[in-house]
Structures are given as C-alpha cells and as structure tokens.
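Examining the three-dimensional arrangement
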Amino acid sequence: MRLLVWNCQGVGSPLTVPQLREVNNLSSPSLIFLSETKNRKLVIDRIARRLRFQNSVVVEAMNRASGMAMFWSKGTNILEVHTTAFTIEAKIEDSDSNSIWWFVGLYASCDQMIRREQWRVISRRKRLWGDRFLIAGDFNDILSNEEKWGGAVREERSFRNFKEFIDQNNLVDIGYDGQPWTWSNHWNDEGEIRQRLDRGLCSVGWFQVFEKARCQHLTTLASDHSMLMIDTIPATDRHKKMFYFDKRWLQREGVQQVIESAWKIEEQGSRMFKITKKIRNCRIELLKWRNSFQANSRSKIHDLKKELEEARISESANRRQNLNDIKDKLSTAYKEEEHFWRQKSRISWLREGDKNTKFFHTYVKGRRVNNRIRNLQRNDSSWTSNEDEVVREIFDYFKDPFSSGGRGDMSEILDGIPNSITQDMNNNLTKVVEEKEIHDALFSMNSEKTPGQDGMALLFFQRFWSIIKKDIISAIQAFFTSGFMLKSINHTVISLIPKIQNLISLKHFRPISLCSVLLQNHFKNLG
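Here's what I pulled together on the structure shown here.

Reading guide: rules and limits
- Residues numbered from 1 in each chain as written.
- Predicted model: local features only at pLDDT ≥ 70, side-chain atom pairs only at ≥ 80, totals over all residues.
- Heavy atoms only, no water.
- Helix = DSSP H or I, 4+ residues; strand = E, 2+ residues; numbered from the N terminus.
- Buried < 20%, exposed > 50% of the residue type's maximum accessible area, 1.4 Å probe, protein only.
- Contact = heavy atoms within 4.5 Å.
- Areas by Shrake-Rupley, 256 points an atom, 1.4 Å probe, with all protein chains shown as cover.
- Phe/Tyr/Trp six-rings, centres within 6.5 Å; stacked < 30°, edge-to-face > 60°.
- Lys NZ or Arg CZ within 6 Å of the ring centre and 35° of its normal.
- Pairing = 2+ DSSP bridges.
- Core = buried A, V, L, I, M, F, W, Y, C linked by side-chain atoms within 4.5 Å.
- Expected span 1.5 Å × (residues − 1).
- Arc of directions from axis to C-beta.
- Patch = residues over 30% accessible without salt bridge, like charges linked within 9 Å, V, L, I, M, F, W, Y side chains within 5 Å.
- Salt bridge = Lys/Arg side-chain N within 4 Å of Asp/Glu carboxyl O.
- Axes fitted to C-alpha atoms, helices over the stretch in contact; angles between N-to-C directions.

1. Concerning the overall build of the protein chain
Helices and strands together make up the secondary structure of the protein chain, namely 17 helices and 17 strands. In the protein chain, buried positions account for 45% of the 527 residues. Sequence separation of at least 24 residues holds for 63% of the intrachain contacts in the protein chain that already meet a minimum separation of 6. Of the roughly 29600 Å² that the protein chain leaves accessible, carbon and sulfur atoms contribute 48%.

2. Considering the environment of Ser270
Within the secondary structure layout, Ser270 lies in the loop between α6 (255-263) and α7 (271-290). Among the residues examined, Ser270 registers a relative accessible area of 37% and is labelled partly exposed. Sequence separation between Ser270 and Ala475 is 205 residues, and the spatial gap between their C-alpha atoms is 8.3 Å.

3. Observations regarding the packing of aromatic side chains
Counted according to the given criterion, the structure contains 21 aromatic pairs. Aromatic pair Trp119 and Phe139: ring centres 6.0 Å apart, planes at 40°, arrangement tilted. Here the residue Trp119 occupies a position in helix α3 (residues 112-129), and Phe139 occupies one in the loop between β8 (133-138) and β9 (148-149), the gap between them amounting to 20 residues. What makes Trp119 buried here is its relative accessible area of 4%. Take Phe139: its relative accessible area is 0%, and that puts it in the buried class. Both rings, one in Trp249 and one in Trp289, keep their centres 6.4 Å apart while their planes meet at 85°; by these two values the pair is edge-to-face. Taken together, the residues span a long stretch of sequence, with Trp249 in the loop between β15 (227-231) and α6 and Trp289 in helix α7 at a distance of 40 residues. The pair formed by Trp249 and Trp289 is uniform in burial state, with each residue classed as buried. Three or more aromatic residues link up through ring pairs in this structure, and these residues are Phe243, Phe245, Trp249, Trp289, Phe460, Phe461 and Phe464. The side chain of Arg194 reaches across the aromatic face of Trp181, ending 3.9 Å from its centre.

4. Points about the pairing of strand β5 (residues 77-83)
Walk down a regular strand and you will see the side chains alternate between the two sheet faces. One ladder, built from 6 bridges, connects β5 with strand β6 (residues 87-94); its direction is antiparallel. Residue pairing in the sheet places Val81 in a bridge with Ala90 of β6. In this antiparallel pair of consecutive strands, β5 and β6, the connection spans 3 residues.

5. Notes on the nonpolar core
Ranked by internal contacts, the top residues of the largest apolar core, which has 38 residues, are Phe245, Leu286, Met456, Phe460, Phe461 and Ile472. Elements represented by at least two residues in this core include exactly α6, α7, α14 (435-443), α15 (458-463), α16 (465-482) and α17 (517-526). Of all the elements, α16 adds the most residues to this core, at 7 residues. Core analysis: the second largest hydrophobic core is formed by 30 residues, Met1, Trp72, Trp101 and Cys202 among them.

6. So, the side chain of Glu89
Its place among the elements puts Glu89 in strand β6. Owing to a relative accessible area of 1%, Glu89 belongs among the buried residues under this scheme. Beyond its immediate stretch of four places on either side in the chain, Glu89 contacts Glu80, Val81, His82, Thr84, Trp102, Phe103, Val104, Arg125, Leu128 and Trp129.

7. What to know about α7
Every α-helix winds through 3.6 residues per turn, so residues three or four apart in the chain are directed the same way. When the terminal C-alpha atoms of α7 are compared, their 29 Å separation across 20 residues agrees well with the 28 Å that a helix rising 1.5 Å per residue should span. Along α7, the positions that sit buried rather than exposed are Met272, Ile275, Lys278, Ile279, Asn281, Cys282, Leu286 and Trp289. The buried residues of α7 occupy one face: seen down the axis, they fall within an arc of 165°.

8. What to know about a nonpolar patch on the surface
Together, Met410, Ile413, Leu414 and Ile417 line one region of the surface with nonpolar side chains, adding up to about 390 Å² of accessible area. Mapping Ile417 onto the fold places it in the loop between α12 (411-415) and α13 (423-430). Classification of Ile417 by relative accessible area gives exposed; the value is 52%.

9. Focus on the sheet that holds strand β3 (residues 55-59)
Judged by pairing direction, the sheet is mixed, and its 6 strands sit side by side in the order β3-β4-β2-β1-β15-β14 without closing on themselves. Sheet topology places β3 and β14 (214-218) at the edges, where each strand pairs with a single neighbour. Neighbour-to-neighbour, the strand axes of the sheet open up by a mean angle of 15°, direction not taken into account. Across 4 bridges, strand β1 (residues 2-7) lies against β15 in antiparallel orientation. Bridging from a neighbouring strand, Arg2 pairs with Asp231 of β15.

Just distances and angles here, no functional claims.
This is the structure in structure tokens:
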C-alpha cells in the first residue's frame, strides 16, 4: 500500500495540483494526506475528483490558515475516520498484509507550547488505535541538530519534548530514502536552512508487520516541504544472504552429529586450507539439516496458536493431553524466537533468559532502518541517486586508504633502531604456541561477537571444540612455525559504523574489519 503525505502550503498554488497529478500518475498512491491546505471543503473536494479519488475527509482551514485533507481510492477499505484540530485518523483494512491498522495524518503546531499539548493528546488517543498505527506528517520539530543544516544551533534542551514523546510512546522512526531534509527556506548561499520536519513514526506492532516499509523524500516546487511517499510493502531486490551460524540450532537434537560427520570428511592441502574446507563442509551440512525442520519460529508460533484454538474446541478423549503438548511446543517456540532476536540484536548487557523478544525485535529493525545507507553526498556536493551509485561512491572513497602502497627497502630505517630484544626474549617470543594458549585465546573472546566472512561465530568454535580442536591447533601451530598465512583467512568484511544519526557523507562512518575467528586467534596469540 502506498501513502502520499505532504504539507502542500496551500492547495490554491498554481503548481500544487499539477504536482499532485504527476505523482499520482507515476506512483498511484492508495491514500493521500495533505496538510496546510488553506482552503474550503468545496475546493478540496473538487481537487479530489480531479485526482480521481472517490472518497475524502476535510478539516477546513480557519481564516485561510492550516487545514487538512485525506483522499483515498475506491479499492482502499477505510473502516473508520476520526478528526481533531491537527490529525485525521483512518482505520484501514489492509488486504496486502491481511491486517487492520490506523493511519494518522498529522499537522503539528509551530508553537512549542501548543505542540507539547498535542503530544499529550496523541498519547491519550493512541489507546483507540491499538498496537498497530502509523503517524506521518509535519511534526514541526526535529530530534537533534544533526537534523538541521544551516542557521543557528539549537540548545539540546529544546529537543527534549519531542524525544520524550517518542520514547514514552515507544514509537519507531521508519527512516527515509532521498535527501535527509524535508523542509528548506530556499534562501541563497549561507542563509539557507534545511530541516527534517516531516517523518513517519509507527508503533512496534505496526513495524513488526511492515518491517520493510520505506519512506521516500520527493522534492517539490509548489511547497517548501518535500512529499513523503510511504510504501508499506515495497518491491525489493533479492540479494544472496550471507551464512550465519544460528544460535538456536544448539537447542536441537542432531546438531552435534551434523558437525561431527561434516568435520570428518577428508580434505587435501595445507593444514589451514583443510580447516577452511572443513568449515565450508559444516556450512553446507548445517543448511541441509536446517531445511529438514521449521526454522522460522515466528511462523511456528502462528501455526501452534491455530492448533491450540482447534484443540480447545475439540471433543476428543485425549483433549487435555493434546492441549498440554501444544503448550509445551509453543513455549519452546517462544524461547527460540527470543534466542533468534537476541542474537540479531547483539546486545550483551541483557542476561540470557530475559523475556524481551519484542524489545530485541524492535532494536534490530530500528537499527537496520537507521544504519541503512540510502544515498550519499559526494565531495563535489552532488548526490547519489541509486544503490549502484552508492556502492561506487563507497568503493572509490575507501579504495586509496585500504590499498597498499608497496613496501620499499626498510634496511636503512631498521639500522637506525637500537636492538633492545635479548636472545632469551626472542626465543620466548618465537617458541611454538601451546595448546593451552590457543584454547585460552579462543575462550577468552565474547561468543556473541559478529562473525567474519565465513559466517561461523565464536560460539561454533567454543561449543564444538572437542570435535575440531585437533585440526585447529595443528593449523595454528603450523602458521607460527612457517609464518605463512592463507589469503582466505586474512579476508575480512568491512563494516561501516555510523558516527552520527543522520548520515549524508562517508566521513560520517567509521570502518571496522570483521575478522574470521582463526585470524582473531592469531592476533590473540601474537599479543
């Protein structure tokens, strides 16, 4: 479902209706919400008909100021509509997702005191909307100076009310594609100010249903505000997923036998090369084994709930036993779901067993939205326009810093360094690394850390140490003896860590390398 949200700053502008018709023809939104319409219901209804929308609700402007309108197509099933002085609220029966949820179009006041009271009203009214709702529109406020470009820097305390409103109501920002601001005063040179005043905020329940929802900022000529084009179920390009060792597999019978049989397969080559092949064999066999059972715990929970309802109305003789069996399975499925999202969240400060599945899920999805690189500003101030250009910009930016300049003759430099390592110290440093050192290095690392390119987390090596330790120890000792490292072991995944909330340039990221467990073990032993 597509929704168009726009502070049009007056539907009477000569460019407003043509721009609406253009976007309507190109994107075919099911629902349009307009704020600051500055006109009467008669005029707005006429515009709705020109856009070929059969249904509309209008909150008329007062003294040709403010005003809101909502249009929806014939195929959009709206069950209820409520209006306030600053919202239009529609209860939608969504056939695409087979769910019912509320869309709330918002036009918040420019006055901070009035806006604070509006946040209180929304906090009360959200009881009507249940656990699935999306609030989108002109919030007339920002969360930090990182959402403002140009003009005077605001005091941090001025953001407090908006932040508290979002935190207290557990709202999730659905993110955006396009330029990071939604409003500009369009002044020339240093006088220009741009801010992200418009956005979409949703409940956790809505986000869990529409986790792939996207909000695109569309620049306009008729208004100082950008349009928001929200797509609840966008078409996405399918990328090959990287393998990750799933912590939930450890709770299932048979995983030990899978690893044992895969690791025993004989391979040819150097000791370290054999390790890489054996790890590859484990990945292949684990994926085959995973496909033999239902790995999606959320789907499993849904199926078990249906079974439970059927068992409750059943009149069979063993009804009580069936109910108990299904409840046990449901309890296990909930634990698997918690394990999965805890693993995804990579939060280490919560204890194992804490019942925080919804928290983990929201944390993961919110982090994905915030960290997704939507577009980038180049050094010449131009912007990337698609994913291919973003990839090229990242490659070009990091190509030189991560490229080797070659190694020249170091003898002159080394001759000037005094010899401070004694022979005894050198012998101790170069002696063969012992099994205990390798074991201690491996088990001293956090098992929840993100894996490297092979997808095998530290937990895999720690849990199946009794099966793999002979080959691992032999390969690591061979490295310390020969000094030769297999190229594939040295391969890392470069991950870009955001430094700030609103990312517009690659200078706002800090690159880190995600190493394989074997490489990390080398570093530990060398240290």
